[in-house]
Structure formats: structure tokens, C-alpha cells
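Each chain, letter by letter, is given below.
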Amino acid sequence: MKIKKFFSGMMTLSILLTGCASTGERNASRLQLIKKRNSLICGVSGKIPGFSFLETDGTYQGLDIDICKAFAAAFIGDSKRVQYRPLTAAERFTAVRTGEIDLLSRNTTFNLSRDSIGGNGLTFAPVIFHDGQGLMVKRNSRINTIESLANKSICVGSGTTTEQNINDAFEAISLPYTPIKYQDLNQVVAGYLQGRCSAMTSDRSQLAAARSGFPKPEDHIILNDILSKEPLAPASSGGDQKLSDAMRWVIFSLISAEEQGITKGNIKEKLQIAQNNPQMKSLRRFLGVEGDLGEKIGLANDFVVKVISSTGNYGEIYNRHLGINSEVPIPRGLNKLYNKGGVQIAPPFK
């Protein structure tokens, strides 16, 4: 009888321990691994000027790159502790799923199939660039509308929403065309410039970025036709709420800082004002002077200060890489703040 009780007790203990281990595994977050490693592995393109581009000096530059830096500043306190992993469109989701990267900041469209557990199983952060798919043709081609492309060939990246969108758009108006498919944007551009197709299609931002590097950019035009809406956003593996919460509020902090006029240049002054004025509750919470908003998402309470000190606010990042004086000037349009005619808005930090 004692032996039976002993084995029964051991089995119960084993079940309890197994349950604890499973719970621990389920609660484990990539955020803890990033902190322990003391570096962030960020999946990027590396081939799109203005968004993520590998410069001749070996550094990465662009809006997507600064988003990686903002995450690193918030997660581990150092925006320089980032390992950039260049990925093709076909490779990016596998890299997230297998854990090759911590997160993706690679001009990726937020849609149902990618966000759902029955699809790619990603969790998206807030949209950092509202875009739309377009078409680029040679100025002397006499092509000026989508209808002018009937029975023409179009260069497109395979394995992207771009491929599906153009097929949907042309099928909707019963317009025949021939897709010429390539693995990445550089190949699409090369095919287009070599005359293998009458037009190339991609997000309008990517078309503008590609055109900026052409020998004669003025010889190419982007048609007015917009084939889709393309909200581009960073993404992480689905089911990891701790990491996705942290990512979400880092993006919102960039937008909220712009709303409040907090910049890289005045963040120290704003912090001092918050510290010296106990009645400024909202600013004190936002900058982590009081409260525990950072702790609620697994970050330091002053994570906003770390982020803005490193990259500046959303508007500063945008202007640096896509502003009127940048190499790839793209009007902000929908990417303006909500009170400036755009749609970018951050929920309250409370």
C-alpha cells in the first residue's frame, strides 16, 4: 500500500512539474531573450533607399532601420545594439517563424492572412507607413493609365501581396497582361530597366525609392492609378504578447512624442520640466518620471526617453529619410499626424 501511495505521489508531482514547465514555456517571451543577449536581431530588406538600405560604408540607413534602433533603445537601452539581417520577401516569414530573427521591420503589409493564426501567424505593431501599390513606366512609352497596359508585360516581385494585388486589379477590369516574376525588388528593377517588361509594379514608396537610383530618374513616371492600400508595419511572432506589447507602445511613443512636440533636441529639457513640476502628471507618466507604465510592458519606465534620445520622434525619423530634403522625398500624406490631415495617432499613455 505504501509503495502504491509512493508511486501515486511521484506521478502527481511529475504531472505538476510538467504543468509548471509547460506554463513557463508558454509565458516565455522573446523579449527576455533579447535582453539576455543584449542585442536585437532585426529582419530588414537592405535594398530599399529611404526604408532600409545598405550603404557603401557598411551601415544600414532608412525608416525601417530607425524603427529597429528605437526597439533596441527601448528593450535594452542601446540603439546601437542591433544586428541587421537582410531578407528577401520569400525568406522573411520563415525567419520569424524559425526564430532566426527577433522581429521584422521590412516594408511588410499588415493584412488578415499574415496576422491570423491560420495564415503566417504574425502579430503586427502599429502602421509606420501608409502606402499604396502603383505602376512605373518609361516616360516615352505612351502608357499613361492602367488600361494602356493591356496585353503588356509587367515586372513584379513573387511571393508578395504585390503579385496578388496586380492580378486582382487587372482581373477586376478584365485586362489581360503577362507577369514577369522576380525574387526581390533589385531583380524587378533590373528586369524593368533592361526592357523585359513595359512596367514595374510595387508599393509607390518603393517605386519612388527605386527611381531615385536610376541614371535618369526624370525619364520614368509613376502612374496615378493606385491598385491597393498597403499599410506597412513591423511584425513579430504571434502569441508572444510581451514582445508585441512592447513593440506596439514603442511605435506609439514615437507618434505621441511628435504630437507633444518632444524631439531628440529637447528631450532633456522636457524631462527636466517633468521632474520639476509634479502637477504635470501626463508628461511625467509619458517620460517615466512617475508611475509604472514601462514596467507594465516589460520595459524600463523611462523607455520613451531612451527612444526619443536615440532616434527622435516619428516626424523626425520620417523627415530624415523621406522628407523633402532627403534622397527619396515622399510627401507624408496619410502619414501626417491625425490633427495635421493624416491618420497617425497614438492612444493615451495612462
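Whatever comes next refers back to the structure up there.
This text gives an overview of the structure that appears in the document. Keep in mind that what you see is a predicted model, and the values were worked out from it rather than measured.

**Some words on the overall build of the protein chain**
Phase 1: Looking only at helices and strands, the protein chain features 14 helices and 15 strands.
Phase 2: A total of 350 residues make up the protein chain; the buried ones form 49% of that total.
Phase 3: Counted over contacts in the protein chain with a minimum sequence separation of 6, partners at least 24 positions apart contribute 69%.
Phase 4: With an accessible surface of roughly 17200 Å², the protein chain has 53% of that area assigned to carbon and sulfur atoms.
Phase 5: Side chains of the protein chain carry 42 positive and 32 negative charges; the gap between the two charge centres is 5 Å.

**Comments concerning the sheet that holds strand E13 (residues 220-222)**
Phase 1: Strand order across the open sheet formed by 5 strands is E11-E10-E12-E9-E13, with mixed pairing between neighbours. Only two strands of the sheet have a single partner each, and these edge strands are strand E11 (178-182) and E13. This sheet shows a mean twist of 30° between the axes of neighbouring strands, independent of strand direction.
Phase 2: As judged from the 5 bridges shared by strand E9 (residues 133-138) and strand E12 (residues 199-203), these two strands associate in the antiparallel manner. Note that in E12 the partner of Leu135 across the bridge is Thr201.
Phase 3: In the packing of helix H8 (residues 204-212) onto the sheet, the strands contacted are E9, E12 and E13, and the crossing angle to E12 comes to about 120°.

**What to know about the state of the cysteines**
Two cysteines whose sulfur atoms are joined by a covalent bond form what is called a disulfide.
Phase 1: Counted according to the given criterion, the structure contains 2 disulfides.
Phase 2: In this model Cys155 forms its disulfide with Cys197; the gap between the sulfur atoms is 1.9 Å. Between Cys155 and Cys197, the S-S dihedral sits near -105°, and the bridge is therefore left-handed. Pair noted here: Cys155 is in strand E10 (residues 153-157) and Cys197 is in the loop between helix H7 (185-193) and E12, with a separation of 42 residues, a long-range link.

**Brief notes about the sheet that holds strand E3 (residues 52-54)**
The strands making up a sheet associate through hydrogen bonds between their backbones, and the pairing can be parallel or antiparallel.
Phase 1: Sheet architecture is open: 3 strands sit in the order E2-E3-E4, paired in antiparallel fashion. A single partner strand is all that each edge strand has here, and the edge strands are strand E2 (47-48) and strand E4 (60-61).
Phase 2: Pairing of E3 with E4, which is carried by 2 bridges, proceeds in the antiparallel orientation. When the sheet's bridge partners are listed, Leu54 is paired in E4 with Tyr60.

**As for the packing of helix H2 (residues 30-37) against helix H9 (residues 241-259)**
Phase 1: Direction vectors running N to C along H2 and H9 enclose 75°, while the axes themselves pass 7 Å from each other. Judged by the inter-axis angle, H2 sits roughly perpendicular to H9. Taking contact as the criterion, the partners of Arg30, Leu31, Gln32 and Ile34 in H2 are, on H9, Lys242, Leu243 and Ala246.
Phase 2: Partitioning the contact of H2 with H9 into residue classes produces 4 nonpolar, 1 polar and 2 charged.

**Describing the packing of aromatic side chains**
Phase 1: Counting across every chain of the model gives 11 aromatic pairs.
Phase 2: Relative to Tyr84, the ring of Tyr60 has its centre 5.1 Å away and its plane inclined at 40°; by these criteria the two rings are tilted. Of the two residues, Tyr60 sits in strand E4 while Tyr84 sits in strand E5 (residues 82-86), which places them 24 residues apart along the sequence. Pair check on accessibility: Tyr60 and Tyr84 agree, each one buried.
Phase 3: Members of the aromatic cluster, joined through ring pairs, are Phe51, Phe129, Tyr314 and Tyr318.
Phase 4: Positioned over the ring face of Tyr192 is Lys138, at 4.1 Å from the centre of the ring.
Phase 5: Here Arg332 stacks its cationic end above the ring of Tyr318, 5.4 Å away from the centre of that ring.

**Describing helix H4 (residues 89-98)**
Phase 1: Of all the positions in H4, only Ala89, Arg92, Phe93, Ala95 and Val96 are classed as buried. Across the axial projection of H4, the buried residues extend over an arc of 155°, all falling on one side. The outward face of H4, more than 90 degrees from its buried face, is lined by the exposed residues Arg97 and Thr98.
Phase 2: Looking at the buried residues of H4, the elements they touch are strand E6 (103-104), helix H5 (112-115), strand E7 (122-124) and strand E15 (235-237).
Phase 3: A positive phi of about 85° marks Gly99, the residue just after H4.

Rules used in this analysis
Residues numbered from 1 in each chain as written. Predicted model: local features only at pLDDT ≥ 70, side-chain atom pairs only at ≥ 80, totals over all residues. Heavy atoms only, no water. Helix = DSSP H or I, 4+ residues; strand = E, 2+ residues; numbered from the N terminus. Buried < 20%, exposed > 50% of the residue type's maximum accessible area, 1.4 Å probe, protein only. Contact = heavy atoms within 4.5 Å. Areas by Shrake-Rupley, 256 points an atom, 1.4 Å probe, with all protein chains shown as cover. Lys, Arg positive; Asp, Glu negative; His and termini not counted. Charge placed at Lys NZ, Arg CZ, Asp CG, Glu CD. Pairing = 2+ DSSP bridges. Axes fitted to C-alpha atoms, helices over the stretch in contact; angles between N-to-C directions. Disulfide = S-S within 2.5 Å. Parallel < 35°, antiparallel > 145°, perpendicular 65-115°, else oblique. Nonpolar A, V, L, I, M, F, W, Y, C, P; charged D, E, K, R; others polar. Phe/Tyr/Trp six-rings, centres within 6.5 Å; stacked < 30°, edge-to-face > 60°. Lys NZ or Arg CZ within 6 Å of the ring centre and 35° of its normal. Arc of directions from axis to C-beta.

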